[in-house]
Amino acid sequence: MKKPVHNPREVAEIVALQALSFVAGEPERLGLFLAETGVGPEMLRNAASDPNFLLSVLDFVMRDDATVKAFASTAELHPTNVAAARQVLGDALGDPNWERDVP
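No experiment lies behind these values; they were computed from the predicted model shown.

Asks: Hey, could you run me through helix H2 (residues 27-37) in this one?
Replies: Note that an α-helix has 3.6 residues per turn; residues three or four places apart therefore point the same way. Buried residues of H2: Arg29, Leu30, Phe33 and Leu34, and no others. The buried residues of H2 occupy an angular sector of 130° when projected down its axis, which confines them to one face. Facing away from the buried side of H2 by more than 90 degrees, the exposed set consists of Pro27, Glu28 and Ala35. Looking at the packing, one finds that the buried side of H2 touches helix H1 (8-24), helix H3 (44-47), helix H4 (51-62) and helix H5 (65-75). Remark: Gly38 follows H2 within two positions and exhibits a positive phi of approximately 80°.

Shown next as structure tokens:
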């Protein structure tokens, strides 16, 4: 039995890895992602261990409502959990580009 993960950053990285698997599961989506990031297919496995790359995966998934909803459904997550994972990972990496909507 796997040990449950309670560290928010680890959870965020797991969500990002699931998002990468989702992106890679559709050739058209994967091609677009690779073209935008400049990462070659042969580099994906190594890049997946880089938290900054994982951040770019979450950014890619979240830029379009339909994509984030499709991923969330596939991963059995609520779309807000995807946004939360992006925020946690961005905060952990000191990403200055992420801004929360504050009412």
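Asks: Please clarify how the packing of H1 against H4 should be interpreted in this entry.
Replies: Contact pair H1 / H4: the axes reach a minimum separation of 9 Å and the direction vectors enclose 60°. Comparing the axis directions of H1 and H4 gives the class oblique. Where H1 crosses over H4, the handedness of that crossing is left-handed. Facing H1, whose interface residues are Arg9, Ala12, Glu13, Val15, Ala16, Leu17, Ala19, Leu20 and Val23, H4 presents Pro51, Phe53, Leu54, Val57, Leu58, Phe60 and Val61. A breakdown of the residues in the contact of H1 with H4 according to their chemical character gives 14 nonpolar, no polar and two charged.

Asks: Please explain the side chain of Arg86 as it appears in this structure.
Replies: Relative to the helices and strands, Arg86 is located in helix H6 (residues 79-93). Assessed through its relative accessible area of 2%, Arg86 is described here as buried. Looking at Arg86, its side chain comes within polar contact range of the side chain of Asp59, at 2.6 Å.

Asks: Can you help me understand the nonpolar core in this one?
Replies: The nonpolar side chains of a soluble globular protein tend to be buried with one another. Formed by 28 residues in total, the largest nonpolar core has its most connected members in Phe33, Leu44, Phe53, Leu58 and Phe71. Breaking this core down by element, the ones donating at least two residues are H1, H2, H3, H4, H5 and H6. Ignoring anything within four residues of it in the chain, the contact list for Phe33 reads Leu20, Val23, Leu44, Phe53, Ser56, Val57 and Phe60.

Asks: Can you help me understand the packing of aromatic side chains in this one?
Replies: The geometry of an aromatic ring pair comes down to the distance between the two centres and the angle between the two planes. Summed over the entire model, instances satisfying the criterion amount to three aromatic pairs. Relative to Phe53, the ring of Phe33 lies with its centre 5.7 Å away and its plane at 70°, an arrangement referred to as edge-to-face. Here Phe33 is found in helix H2, whereas its partner Phe53 is found in helix H4, with 20 residues between them in sequence. The exposure class assigned to Phe33 is buried, which follows from its relative accessible area of 1%. For Phe53, a relative accessible area of 7% gives the class buried. Their ring planes at 70° and their centres at 5.1 Å tell us that Phe33 and Phe60 sit as a pair that is edge-to-face.

Asks: Which parts of the structure should I look at to understand the environment of Leu54?
Replies: Position of Leu54 relative to the elements: it lies in helix H4. With a relative accessible area of 2%, Leu54 lands in the buried category. With 36 residues separating them along the chain, Leu54 and Gln18 place their C-alpha atoms 9.9 Å apart. Leu54 has contacts with Glu13, Ala16, Leu17, Ala48 and Leu89, leaving out every residue within four places of it along the chain.

About the thresholds
- Residues numbered from 1 in each chain as written.
- Predicted model: local features only at pLDDT ≥ 70, side-chain atom pairs only at ≥ 80, totals over all residues.
- Heavy atoms only, no water.
- Buried < 20%, exposed > 50% of the residue type's maximum accessible area, 1.4 Å probe, protein only.
- Helix = DSSP H or I, 4+ residues; strand = E, 2+ residues; numbered from the N terminus.
- Arc of directions from axis to C-beta.
- Contact = heavy atoms within 4.5 Å.
- Axes fitted to C-alpha atoms, helices over the stretch in contact; angles between N-to-C directions.
- Parallel < 35°, antiparallel > 145°, perpendicular 65-115°, else oblique.
- Left-handed = near helix turned anticlockwise from the far one by under 90°.
- Nonpolar A, V, L, I, M, F, W, Y, C, P; charged D, E, K, R; others polar.
- Polar contact = N/O pair within 3.5 Å; in protein donor to acceptor, adjacent residues only side chain to side chain.
- Core = buried A, V, L, I, M, F, W, Y, C linked by side-chain atoms within 4.5 Å.
- Phe/Tyr/Trp six-rings, centres within 6.5 Å; stacked < 30°, edge-to-face > 60°.

All we've got here are geometric facts, nothing functional implied.
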